[in-house]
Amino acid sequence: MNAMSRNATYNFAYLDEQTKRMIRRAILKAIAIPGYQVPFASREMPMPYGWGTGGVQVTAAILGPDDVLKVIDQGADDTTNAVSIRKFFERVAGIETTTHTAEATIIQTRHRIPEAPLAEGQVLVYQVPIPEPLRFLEPRETETRKMHALEEYGLMHVKLYEDIAKNGHIATTYAYPVKVEGRYVMDPSPTPKFDNPKMHMSAALQLFGAGREKRIYALPPHTEVVSLDFEDHPFEVQRFDRPCALCGAEQVYLDEIVLDDRGGRMFVCSDTDHCETRRAEGHRGELGGELSGEAK
Amino acid sequence: MQTPALTVTGLGKTFTMHLRGGIQLPVVANTRFALHAGTCTVLGGPSGAGKSSVLKMLYGNYGTSAGRILVSHRGREVDLAAAGPRTILELRRETIGYVSQFLRVVPRIGALDIVAEPLVERGADRVEAARRAGELLSRVNLPERLWELPPATFSGGEQQRVNIARGFITDHPILLLDEPTASLDAANRDVVVEMIAEKKRAGVALLGIFHDTEIRNAVADVTIDVTGFSPARKAA
Amino acid sequence: MTIALRNADVFAAEDLPLLCVRGLTRTYGTRIGCAEVDLDVWPGEVLAIVGESGSGKSTLLNCISARLEPTSGTVCYRMRDGEMRDLYRLQEAERRLLLRTDWGFVHQNPADGLRMTVSAGANVGERLMAVGDRHYGRIRETATDWLGRVEISADRIDDQPRAFSGGMRQRLQIARNLVTGPRLVFMDEPTGGLDVSVQARLLDLLRGLVNDLGLAVIIVTHDLAVARLLSHRMIVMKDGNVIEHGLTDRLLDDPQAPYTQLLVSSILQV
């Protein structure tokens, strides 16, 4: 089946083998130095920057014929970006795809980490727009590299200080900076800070690709990932005061969905697969009964 | 007789005016005298005889061209004429005080703080230093309403009194006075004469220049005529 | 040279300089920035480097503050453990740590020394955070205290320096530098470009801080009045060479070198 649906004009997974080797070397280096941004010769991909060119190149470089790929965008498998990337790899690699987190061997993601804990052997590939966490306070790349090299991370706390001074609490809600293995400060890509704890000691391999900025970085399995904070303003994740309206899940990240033009709204799991799996298991939220018919 | 507080031997000063083709202007030569504790010595001689230059050399403010200035400092003799800047600063901090002709300070500070500053710089408690400063300003009859104001706008006499208070606040064993009474009225001149007498009783060795004959006669134990050290006479 | 020999200071063995510069030379191609400069700075002492534009005083300041590598010569600094280390043989990490803890650098233009887009409080707190302070409340308290010491009212703590006047910015820059209790502060024309009244206030403030904290300061200025008010010792530079050095008031009142005499006689009297 794979051989039949695959477009024979392209090399397996679109990139040529030399390019894949180059990217794999960068990935191996990134794994060897957790949190360190490894430069790589990012290629032009058949999609615009900002659509996940970094993640796609990392996925292409690690993809094998037996892999099962899942792609999510803001937690959803069915948005344009996710569907397009999935179709892209079905066509140029002929691999199997899935929407089920547990079935996937590689999960490419934009802005979320799945709710279900990842297992050993799985790889999570993040699409990263701006890999440099120090960028906003120190625009010089030469200087930020030196700061990483010398572990001069006081500036990160200046940013958090400003947050508290302005808002009374740390108002950064996504792309919340973390320290990896007590060494490198890393931008976890624009995932909500709700997902930060999931990166800590994860059994899965986490790879980060920034296409436009030409950087790859990584968290090998079971890596310590600590969110930066102050002693008197400790790191906290977002809390939701209600469960998912569809599946009744608590302690998950919720998206707000506007239902009509009269102020009607509901809060549902941002992770669509998690929500569907729970509903298949029979869990129901307050609106879960009436809407389950439409969703099918 | 006890060791002099300060001994000057063979002291000479010649200015080289590079902006006027390097001409040499000898001011004094072979100056010699000694200052003793509890004694006020006065430098005499006409204007331009080099009184002020001698005083400034003794404070390290002018360099010397020849001779030695031996200062009794921390129980030993130090030659100020050959001393480096940090030694001179140490001598000024502990041994040699100076009351200049004019007040030269940072523009914004109030009179009381200016007077207290020499004590504060020597590590004295601020409150205690301010109390002592207040005493001295009262003593020289500076109205209390002026104490918090910067002296830049004061009259010449008022500035002079702030200057005297500042110069007399410390306990230097040697005190140099460069015409501190120039613009004072009679009442305040008497105050200064009394303050000098107190310093003498406290064992301070004083050296002063006073234009006012009355004051000079009132305070001088020894008068040294600087014309005796004139380089011209020596050459003649 | 005879002056140097005569001006020998004899002090006890434990009285050691903080900074020793020997044979410092910096050339730009064939042009000389500064040549064969020797100088020492002791704790608690203010040294002024004066000269006209192009005299090499800024080159010298940059070389001795580890910002510009000299062509030859050494700059040694006594670390807090008492050991004398050559700045340009330190690891870069050590050198940068020194720059943001034990040293301060006050730029003529405050925008060069401040982060203009973060609040005054964060500007002062940055060095504390850089050395590992992780308690927001304490950092803010220290920042408030320092703003007070440089006469900036506490209610401006969350304002960005962009909203400050030139004099306030300069005072903020000073607070930002002094918050970690440095032992040596470099200042490059700190009162340049300020109104006279603002200048006077800043000079007064600097004098107080230097005295209270026992700071050693190396200040570059072309303004001899500033040098007289702030410094104990002075170095006069011309064409990259040290023309004369010594006690500040003696250099100003009894200058020896032809150039110093010219410089001093060129001061406008008010």
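Predicted, not measured: the structure shown is a model, and the values here were computed from it. The written sequence of each chain sets the order in which its residues are numbered from 1. Following the order in which they are written, the chains are lettered starting with A and the ligands numbered starting with 1. Selection of residues for local features in this predicted model requires a pLDDT of at least 70, selection of side-chain atom pairs for listing and counting requires 80 or more, and totals for whole chains, interfaces and linings are taken over all residues. The basis for the side-chain values is all heavy atoms of the structure; hydrogens and waters are excluded.

Observations regarding the overall build of chain C
Consideration 1: Starting at the N terminus, helices and strands are each numbered in turn, a helix being any DSSP run of H or I of at least four residues and a strand any DSSP run of E of at least two. Along the backbone of chain C there are 11 helices and 10 strands.
Consideration 2: A compact globule built from 270 residues should have a C-alpha radius of gyration of about 18 Å, and chain C, at 19 Å, falls within 12% of that.
Consideration 3: For the C-alpha atoms alone, the extent of chain C along its principal axes is close to 55 × 45 × 40 Å.
Consideration 4: The cut-offs for exposure are 20% and 50% of the maximum accessible area for each residue type, with area from a 1.4 Å probe on protein chains only; residues under the lower value are buried, those over the upper are exposed, and the others partly exposed. Taken over 270 residues, chain C has a buried fraction of 58%.
Consideration 5: Look at the contacts in chain C between residues 6 or more apart in sequence, and 65% of them connect residues 24 or more apart.
Consideration 6: Side-chain charges in chain C split into 31 positive and 35 negative, and the spacing between the mean points of these groups amounts to 5 Å. Note on method: radius of gyration uses C-alpha positions; expected globular size equals 2.2 Å times residues raised to 0.38. Any two residues whose heavy atoms approach within 4.5 Å at even a single point are treated as in contact. Only four residue types enter the charge count, namely Lys and Arg as positive and Asp and Glu as negative; His and the chain termini do not. Charged groups are reduced to one reference atom each: NZ for lysine, CZ for arginine, CG for aspartic acid, CD for glutamic acid.

Digging into the environment of B:Gly60
Consideration 1: Note on placement: B:Gly60 falls in the loop between α1 (51-59) and β4 (66-73).
Consideration 2: As a C-alpha pair, B:Gly60 and B:Ser230 span 170 residues in sequence and 21 Å in three-dimensional space.
Consideration 3: Those residues in contact with B:Gly60, other than ones at most four positions away along the chain, are B:Leu80, B:Ile88, B:Arg92, C:Leu247 and C:Arg250.

What about the packing of aromatic side chains?
To describe a pair of aromatic rings, you give the distance between the ring centres and the angle between the ring planes.
Consideration 1: Whether two aromatic rings pair depends on their centres lying within 6.5 Å, for rings of Phe, Tyr and Trp, where Trp uses its six-membered ring; planes under 30 degrees apart make the pair stacked, over 60 edge-to-face, and the rest tilted. Summed over all chains, the structure comprises 17 aromatic pairs over all chains.
Consideration 2: Ring centres of A:Tyr10 and A:Tyr14 lie 5.4 Å apart, and the angle between their planes is 40°; on these two criteria the pair is classed as tilted.
Consideration 3: Its relative accessible area of 36% is what places A:Tyr10 among the partly exposed residues.
Consideration 4: Among the residues examined, A:Tyr14 registers a relative accessible area of 23% and is labelled partly exposed.
Consideration 5: When the ring of A:Tyr126 is compared with that of A:Phe208, the centres are 4.0 Å apart and the planes differ by 10°; the resulting orientation is stacked. Placement of A:Tyr126 in strand β5 (residues 123-127) and of A:Phe208 in strand β8 (residues 205-210) is noted, with a sequence separation of 82 residues between them.
Consideration 6: Taking the relative accessible area as the measure of exposure, A:Phe208 reaches 0% and is therefore buried.
Consideration 7: Among the aromatic residues, ring-to-ring pairing joins A:Tyr10, A:Tyr14, A:Phe88 and A:Phe89 into one connected group.
Consideration 8: In this arrangement the basic side chain of B:Lys13 is found over the ring face of B:Phe15, its NZ or CZ atom lying 4.8 Å from the centre. Comment: the charge-over-ring label is applied if NZ (Lys) or CZ (Arg) is within 6 Å of the ring centre and within 35 degrees of the ring normal.

Quick word on the sheet that holds strand β6 (residues 178-180) of chain A
Residues and elements named next belong to chain A.
Consideration 1: Any two strands with at least two DSSP bridges between them are considered paired. Here we have 3 strands laid out as an open sheet, ordered β7-β6-β10, and antiparallel in their pairing. The open sheet has two free edges, formed respectively by β7 (184-186) and β10 (225-227), since each of these has just one partner strand. Between one strand axis and the next, the sheet turns by 35° as a mean value, whatever way the strands run.
Consideration 2: Pairing of β6 with β10, which is carried by 3 bridges, proceeds in the antiparallel orientation. Bridge pairing links Val178 to Ser227 in β10. Interaxial angles span 0 to 180 degrees and are taken between N-to-C directions of axes, which are lines fitted to C-alpha atoms, for helices over the stretch in contact.

Describing unusual backbone geometry
Residues and elements named next belong to chain A.
Consideration 1: Not every positive phi belongs to a glycine, and Gln74 is a case in point at roughly 55°.
Consideration 2: Inspection of the secondary structure puts Gln74 in the loop between β2 (68-73) and α4 (80-93).
Consideration 3: The partly exposed category is assigned to Gln74, whose relative accessible area is 40%.
Consideration 4: Despite not being glycine, Lys214 has its phi angle at roughly 60°, a positive value.
Consideration 5: Tracing the chain through its elements places Lys214 in the loop between β8 and β9 (215-219).

Thoughts on the domain arrangement of chain A
Residues and elements named next belong to chain A.
Consideration 1: Its domain assignment divides chain A into domain 1 (2-227) and domain 2 (239-296).
Consideration 2: Domain limits in this description derive from either an automatic procedure or a database domain assignment. Here the C-alpha centre of domain 2 lies 27 Å away from the C-alpha centre of domain 1.
Consideration 3: Contact with domain 1, which involves 14 residues of that partner, is made by 11 residues of domain 2.
Consideration 4: Taking both sides of the interface into account, the surface hidden between domain 1 and domain 2 amounts to around 930 Å²; carbon and sulfur atoms contribute 48%.
Consideration 5: Of all residues in domain 1, Arg112, Glu115 and Phe194 give up the largest surface area on contact with domain 2, accounting jointly for 47% of the area buried on that side.
Consideration 6: Any Lys or Arg side-chain nitrogen located within 4 Å of an Asp or Glu carboxyl oxygen qualifies as a salt bridge. The interface formed by domain 1 and domain 2 contains 0 salt bridges. Simply put, the buried area is the total loss of 1.4 Å probe accessible area from both parts when two parts are fitted together.

Let's talk about the arrangement of the chains
Consideration 1: Most contacts, compared over the 2 pairs of chains touching, are made between chains B and C.
Consideration 2: You won't find any contact between chain A and chain B; their C-alpha atoms come no closer than 34 Å.

With respect to the interface of chain C and chain A
Consideration 1: Tallying the contact residues gives 22 residues for chain C and 20 residues for chain A.
Consideration 2: Summed over both partners, the interface of chain C with chain A comes to about 1,900 Å²; 57% of that surface belongs to carbon and sulfur atoms.
Consideration 3: By the criterion of area lost to chain A, the three top residues of chain C are C:Arg96, C:Arg134 and C:Tyr136, representing 39% of everything that side buries.
Consideration 4: If you look at where chain C meets chain A, you find 6 salt bridges.
Consideration 5: Between A:Glu231 and C:Arg138 there is a salt bridge, with its nearest N and O atoms 3.8 Å apart.
Consideration 6: Any N or O atom pair separated by 3.5 Å or less is treated as a polar contact, with the protein-specific requirement of one donor-capable and one acceptor-capable atom, and with residues adjacent in sequence counted only for side-chain atom pairs. The interface formed by chain C and chain A includes 13 residue pairs in polar contact (both at pLDDT 80 or more).
Consideration 7: Residues belonging to the side of chain C that touches chain A are distributed by class as follows: 8 nonpolar, 5 polar and 9 charged. Gly is put with the polar residues, along with every residue not named as nonpolar or charged; the nonpolar set is Ala, Val, Leu, Ile, Met, Phe, Trp, Tyr, Cys and Pro, and the charged set is Asp, Glu, Lys and Arg.

Structural notes on the packing of helix α7 (residues 166-178) of chain C against helix α8 (residues 196-213) of chain C
Residues and elements named next belong to chain C.
Consideration 1: One can describe the packing of α7 onto α8 by two numbers: an axis separation of 10 Å at closest approach and a directional angle of 15°. Classified by the angle their axes make, α7 and α8 are roughly parallel. Remark: the crossing between α7 and α8 carries right-handed chirality. Contacts from Gly167, Gln170, Arg171, Ile174 and Leu178 in α7 reach Val198, Arg201, Leu202, Leu205, Leu206, Leu209 and Leu213 in α8.
Consideration 2: Across the contact of α7 with α8, the residue classes break down as 8 nonpolar, 2 polar and 2 charged. Orientation is classified from the angle alone, with under 35 degrees giving roughly parallel, over 145 giving roughly antiparallel, 65 to 115 giving roughly perpendicular, and any other angle giving oblique. In this scheme the crossing of two helices becomes right-handed for a clockwise turn of the near helix relative to the far one and left-handed for an anticlockwise turn of less than a right angle.

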